[in-house]
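Chain by chain, the residues:
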Amino acid sequence: LHAPMKVVVVGTGYVGLGTAALLAYFGHQVTGLDIDQGKVDMLRRGELPIYEPGLGELMAECGDRLQWTTDYAAAIPGADVIFICVGTPPLPSGQPDLRYLAAAAQDVARHLNGKMQVVVNKSTVPVGTGDWVARIIEEYAPDYKEHQYNVVSNPEFLREGTALFDSLYPDRLVLGGNDGAGVARLLELYAPLIEQDFQAPAHVPRPEGYTRPEVVATSLSSAEMIKYAANAFLALKISFANEIAGLCERVDADIEEVARGIGSDARIGRQFLSAGAGWGGSCFGKDTSALISTGEEYGYDMPILRAAVAVNQGQRQLVIAKLQKHLHRLQGKRVAVLGMAFKPNTDDLRDAPAHDAIARLNELGATVVAHDPVAMPRARREWGHLNYTEAESAEHALIGADAVILMTEWKQYTEMEWNGAVRTMRQPLVIDTRNALRCALSTGTLEQIGRRGQTPAPVLG
Ligand code: UDX
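Nothing here was measured: the structure is a model prediction, and the numbers come from that model. (Residues numbered from 1 in each chain as written. Predicted model: local features only at pLDDT ≥ 70, side-chain atom pairs only at ≥ 80, totals over all residues.)

K.L.:
Explain the domain arrangement of the protein to me, using residue names and the numbers behind them.
P.N.:
Parsing the protein into structural domains produces domain 1 (6-218) and domain 2 (255-447). Here domain 1 and domain 2 have C-alpha centroids that lie 32 Å from each other. Looking at the side of domain 1 that touches domain 2 residue by residue, the classes come out as 6 nonpolar, 5 polar and 1 charged. (Domains from an automatic or database assignment. Nonpolar A, V, L, I, M, F, W, Y, C, P; charged D, E, K, R; others polar.)

Structure, rendered in structure tokens:
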């Protein structure tokens, strides 16, 4: 790297940790900052506060190019670039809560050094927030007028579970700024990514045919809008697949065949057309409601997004309807739930479809036995309000159950010896909400989403 820079990354969630590891891997000197002393202590011991495959290995390769601190006063003055990657969790109104961002921006501003420093926002924030951060800096930075500061929006598109792959080999790099200097510095910072001239880590090899990301330089507010519009589009693409899947069940067509058939049209694309129990996770729900609520602020209705959200809610109820179709009253029935996090390869429970399924099963008086390869300890802390027992393995969860719901397509679930396992059930009913089981069961009933040969579940109001 011809010009290593000093970088501070504020916030050690998925986005912050991924950004810090990536830039240190490229050869920059990176300090990860979090106000949570517990998290910083963990990171200093080489432990990760989140589960993300391969991230620990990549960090270990960075040596002392990657440091951790809680101290703004020590970290900020020497930095060339400061990334703000704090959480923006949803408020009841649907708008994101910007209090962590405001606090981080103030603390950064107080310690700016008076030389040209670039403050980059990576947190997902409503359009216009970059300007607000710039105003906070203006207000809190010492001797603001004499100095030059620059606010850039650099949204993140990584998926949990494949965060490293997505960060190392992105489709695009979006840099939004209202004056060229900040963006120019980021182009330098990201040169190894743009040129793809870094040595690919052994555990995350460069995919065949991948060349480089497209650099999309925009205004501050366009960059902010790109992040929301991208997530909203992906969410509505999934909702569209789910809506078509419901019709497939009624007309005896198969959503898997249909998705392949339409997805091979490059204008549509194969990805994010998998029908299931509805999308979850920390982004899609939050970002669709934030866009809808931004629309409301301006008196602008967004019917397509509202429909995508409504279809998603219906899809979560469909899981229960499918159980009722076969088991009728669920009172006293024993239901195994495989997969608690919102998707495989993560322990993130935010907006997980499994949560709603367990809550509804609780209401209906069913007994729930749940399993997740990595999310059970987190669920013990965060899902105390739900009633379920933990199974020590997927196979154990099935013993004596009246039905099993496969909620996430973890490899260890899809590759389980299903035919043996279902024989230990009281009734071998398998609800595969991910359409992930490829083999026919030798005994019992396999119910999937939008597949041929199934009678549709009743529509719930
Ligand atoms: C998403 C975006 O993909 C990412 O670009 C953005 O930065 C953050 O939000 P993430 O929430 O980590 O990433 O997960 P993702 O893999 O996109 O899945 C989101 C949800 O959609 C999951 O519940 C998943 O099961 C569901 N999904 C995804 C489907 O139901 N069908 C699909 O075809 C794809």
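K.L.:
Please provide a residue-by-residue account of the environment of valine 15, values included.
P.N.:
Here valine 15 is to be found in helix 1 (residues 14-25). When the C-alpha atoms of valine 15 and lysine 122 are compared, they prove to be 7.7 Å apart, with 107 residues separating the residues in sequence. (Helix = DSSP H or I, 4+ residues; strand = E, 2+ residues; numbered from the N terminus.)

K.L.:
Kindly report on the packing of helix 1 against helix 3 (residues 55-62), identifying the contributing residues and their values.
P.N.:
Two elements in contact, helix 1 and helix 3, have axes separated by 9 Å at closest approach and are oriented at 40°. The orientation of helix 1 relative to helix 3 falls into the category oblique. Where helix 1 crosses over helix 3, the handedness of that crossing is left-handed. In this structure, helix 1 contributes Leu17, Ala21, Ala24 and Tyr25 to the contact, and helix 3 contributes Leu55, Leu58, Met59, Glu61 and Cys62. Tallied by class, the residues present in the contact of helix 1 with helix 3 amount to 8 nonpolar, no polar and 1 charged. (Axes fitted to C-alpha atoms, helices over the stretch in contact; angles between N-to-C directions. Parallel < 35°, antiparallel > 145°, perpendicular 65-115°, else oblique. Left-handed = near helix turned anticlockwise from the far one by under 90°. Contact = placed C-beta atoms within 7 Å.)

K.L.:
Please provide a residue-by-residue account of unusual backbone geometry, values included.
P.N.:
Although it is not a glycine, histidine 328 sits at a positive phi angle of roughly 60°. One can find histidine 328 in the loop between helix 13 (303-327) and strand 9 (334-338). By the C-beta count within 10 Å, which is 9 here, histidine 328 ends up exposed. The phi angle at asparagine 435 is positive, at roughly 45°, despite the residue not being glycine. Inspection of the secondary structure puts asparagine 435 in the loop between strand 13 (429-432) and strand 14 (445-447). (Buried ≥ 20, exposed ≤ 12 C-beta atoms within 10 Å, placed from the backbone.)

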